[in-house]
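Residue-level structural notes
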Amino acid sequence: MRLYCTILLTTLLPSVSAQATELRIAVQPAPLFAPAFVAKQKHWLEDDLKKDGITVKWSSFVAGPPENESFAAGQQDVGVMGDTPALIARAAGQNTRVVGISAVGPKALAIVVPKGSSIKSPADLRGKRVAVTKGSYSHHLLYVVLKNAGLKFSDIKLIHLPPADLVSAFTRGDVDAASTWEPYLSRLEDEGARLLVDGTGIKKGELVIISVDEYAKQNPRLVEKFLQTYKRGQDFIKANPKQAAELIASDVKLTPEQLAKVLTKLDFDPVIRPEHIDELKKTEAFLRDNELTKNPVDIDKFVDTSYLKSAGLK
């Protein structure tokens with residue numbers, strides 16, 4: 001059945017009619033976007049689109065903010081990122097739309113503490129030095145965890161750090177806790193970090209597929225082709241988890257053994273469901289309430305499911 005679905009998806013678009021001559025794809029070196037890296041390694045898009053004279057260009061970014069800068073500069077067409085950076089860019093006026101879900105994984109983001117830490121519960125974070133990447137979806141996780149414990153950001157010593165610096169600060173003992181995501185989470189756990197709380201029942205750990213609105217309108221078949229290929233990558237990971245981990249480990253900066261464990265934490269189905277829209281609305285409210293964005297984002301307009309439907313993904 002899986003093979004049939006994969007064949008069906010890859011034959012739905014026998015010819016891609018588009019105004020563009022290239023498809024520029026923005027990714028981040030994280031297992032959260034594993035299907036994109038499977039497609040990249042397998043050259044699926046390149047092989048499918050070359051007959052139409054369309055080239056594929058992949059660009060990698062360490063996190064959402066620099067990726068958003070590239071979108072703002074008109075250098076990307078589609079991309080994958082966390083829900084928070086996508087919303088921050090949209091609130092700032094970036095003309096993008098959410099066209100799919102790249103992953104959902106509440107266990108792929110978490111707050112960790114050193115192995116021998118006296119911190120046993122979120123309430124113990126009061127007065128502690130907690131590292132987080134500002135505007136990330138782990139920033140939102142920290143907010144909700146603190147709120148559930150009767151705390152606010154003002155009750156802790158919040159230290160904003162880029163992901164790599166956060167790992168270094170934690171390893172050196174410069175902070176008492178860190179809120180982060182994969183692959184940084186696995187790296188910290190390998191260094192002896194202890195899980196305090198993950199996103200289970202708190203935050204879905206939702207990441208999205210976005211496209212420049214004008215590009216998508218002018219080249220709908222290319223956006224549909226990307227979504228189909230992402231689904232093909234998901235199917236490959238499900239059918240061949242060990243092979244997938246070995247194939248893309250270098251792309252996501254983990255060992256195959258680490259990656260194999262992380263992949264079990266994630267659902268890569270690109271279909272947008274009502275619960276995903278509800279999660280985006282919660283994230284949007286968090287960003288405004290904490291003055292990370294100034295302008296409201298109408299989630300129902302920001303999300304466009306038409307490309308998934310046209311691609312035969314429901």
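Residues numbered from 1 in each chain as written. Predicted model: local features only at pLDDT ≥ 70, side-chain atom pairs only at ≥ 80, totals over all residues. Heavy atoms only, no water.

1. Focus: the overall build of the protein
If you tally the helices and strands in the protein, you get 15 helices and 10 strands. A compact globule built from 314 residues should have a C-alpha radius of gyration of about 20 Å, and the protein, at 19 Å, falls within 12% of that. Over its C-alpha atoms, taken along the principal directions, the protein stretches across nearly 60 × 45 × 30 Å. Counting all 314 residues of the protein, 56% fall into the buried class. Pairs at least 24 residues apart make up 81% of the contacts formed inside the protein by residues separated by at least 6 positions. Side chains of the protein give 42 positive and 38 negative charges; the mean places of these two sets differ by 2 Å. (Helix = DSSP H or I, 4+ residues; strand = E, 2+ residues; numbered from the N terminus. Rg over C-alpha atoms; globule rule 2.2 N^0.38 Å. Buried < 20%, exposed > 50% of the residue type's maximum accessible area, 1.4 Å probe, protein only. Contact = heavy atoms within 4.5 Å. Lys, Arg positive; Asp, Glu negative; His and termini not counted. Charge placed at Lys NZ, Arg CZ, Asp CG, Glu CD.)

2. Examining the sheet that holds strand β5 (residues 109-114)
Read from one edge of the open sheet, five strands run β7-β6-β8-β5-β9, paired in mixed fashion. Two strands bound the open sheet, and with one partner strand each, they are β7 (157-160) and β9 (193-198). For this sheet, the mean angle separating the axes of adjacent strands, direction not counted, is 30 degrees. Contacts from helix α6 (residues 137-148) reach β5, β6 (129-132), β7, β8 (177-181) and β9, with the element oriented near 70 degrees to β5. Strand contacts of helix α7 (residues 163-172): β5, β6, β8 and β9, with the helix running at about 145 degrees to β8, the strand carrying the most contacts. (Pairing = 2+ DSSP bridges. Axes fitted to C-alpha atoms, helices over the stretch in contact; angles between N-to-C directions.)

3. What about the side chain of Asp83?
You can see Asp83 is positioned in helix α5 (residues 83-91). At 3.0 Å, the side chain of Asp83 and the side chain of Lys203 are in polar contact. (Polar contact = N/O pair within 3.5 Å; in protein donor to acceptor, adjacent residues only side chain to side chain.)

4. As for the nonpolar core
Ranked by internal contacts, the top residues of the largest apolar core, which has 104 residues, are Ile25 and Leu32. Excluding anything up to four places from it in sequence, Leu32 contacts Ser102, Ala103, Ala108, Tyr137, Trp181, Glu182, Leu207, Tyr230, Leu266 and Phe268. (Core = buried A, V, L, I, M, F, W, Y, C linked by side-chain atoms within 4.5 Å.)

5. Things to note about the pairing of β7
In this structure, β6 lies alongside β7, joined through four bridges in parallel fashion. Along β7, the bridge assignment pairs Val130 with Leu158. Once the chain exits β6 it traverses α6 before rejoining the sheet at β7, and the crossover so formed is right-handed. (Right-handed = clockwise from strand over helix to strand, strands pointing away.)

6. Quick look at the packing of helix α11 (residues 241-248) against helix α12 (residues 256-263)
Where α11 contacts α12, the two axes come as close as 8 Å, and the packing angle between them is 125 degrees. The pairing of α11 with α12 is recorded here as oblique in orientation. The chirality of how α11 crosses α12 is right-handed. Each of Pro241, Ala245, Glu246 and Ile248 in α11 lies in contact with α12, whose residues at this interface are Pro256, Leu259, Ala260 and Leu263. Residues that form the contact of α11 with α12 fall into these classes: seven nonpolar, no polar and one charged. (Parallel < 35°, antiparallel > 145°, perpendicular 65-115°, else oblique. Left-handed = near helix turned anticlockwise from the far one by under 90°. Nonpolar A, V, L, I, M, F, W, Y, C, P; charged D, E, K, R; others polar.)

7. Side note on the environment of Thr21
Structurally, the position occupied by Thr21 is in the loop between α1 (2-11) and β1 (22-27). Under the relative-accessibility criterion, Thr21 is labelled exposed at 55%. A sequence separation of 198 residues divides Thr21 from Asn219, and the C-alpha atoms of the two residues are 9.9 Å apart. Those residues in contact with Thr21 that lie beyond four places of it in its chain are Gly53, Ile54 and Thr55.

8. Observations regarding the pattern of salt bridges
This model, assessed by the stated rule, comprises 17 salt bridges. For the salt bridge of Asp235 with Lys231, the shortest nitrogen-to-oxygen distance reads 2.8 Å. Of the two residues, Asp235 and Lys231 are both situated in helix α10 (residues 220-239); the distance of four residues between them amounts to about one turn of the helix. In this structure Asp235 comes out as buried when scored by relative accessible area, which is 7%. Within this structure, Glu22, Arg24 and Asp77 form a network of salt bridges that share partners. (Salt bridge = Lys/Arg side-chain N within 4 Å of Asp/Glu carboxyl O.)

9. A word on α6
In a regular helix each residue adds 1.5 Å, so 12 residues correspond to 16 Å; α6 covers 17 Å between its end C-alpha atoms and thus fits that length. Taking burial as the measure, the 12 residues of α6 include nine buried ones, the bulk of the element. The set of residues buried in α6 consists of Tyr137, Ser138, His139, His140, Leu141, Leu142, Val144, Val145 and Leu146. Trailing α6 by a residue or two, Gly150 shows a phi angle of about 80 degrees, which is positive. (Expected span 1.5 Å × (residues − 1).)

10. Digging into the pairing of strand β3 (residues 78-82)
Taking burial as the measure, the five residues of β3 include five buried ones, the bulk of the element. Pairing of β1 with β3 involves two bridges; the strand directions are parallel. From the neighbouring strand, Ala26 faces β3, where its bridge partner is Gly79. Where β3 meets strand β10 (residues 206-212), five bridges bridge the pair, whose relative direction is antiparallel. Counted as the bridge partner of Gly79 is Ile210 from β10.

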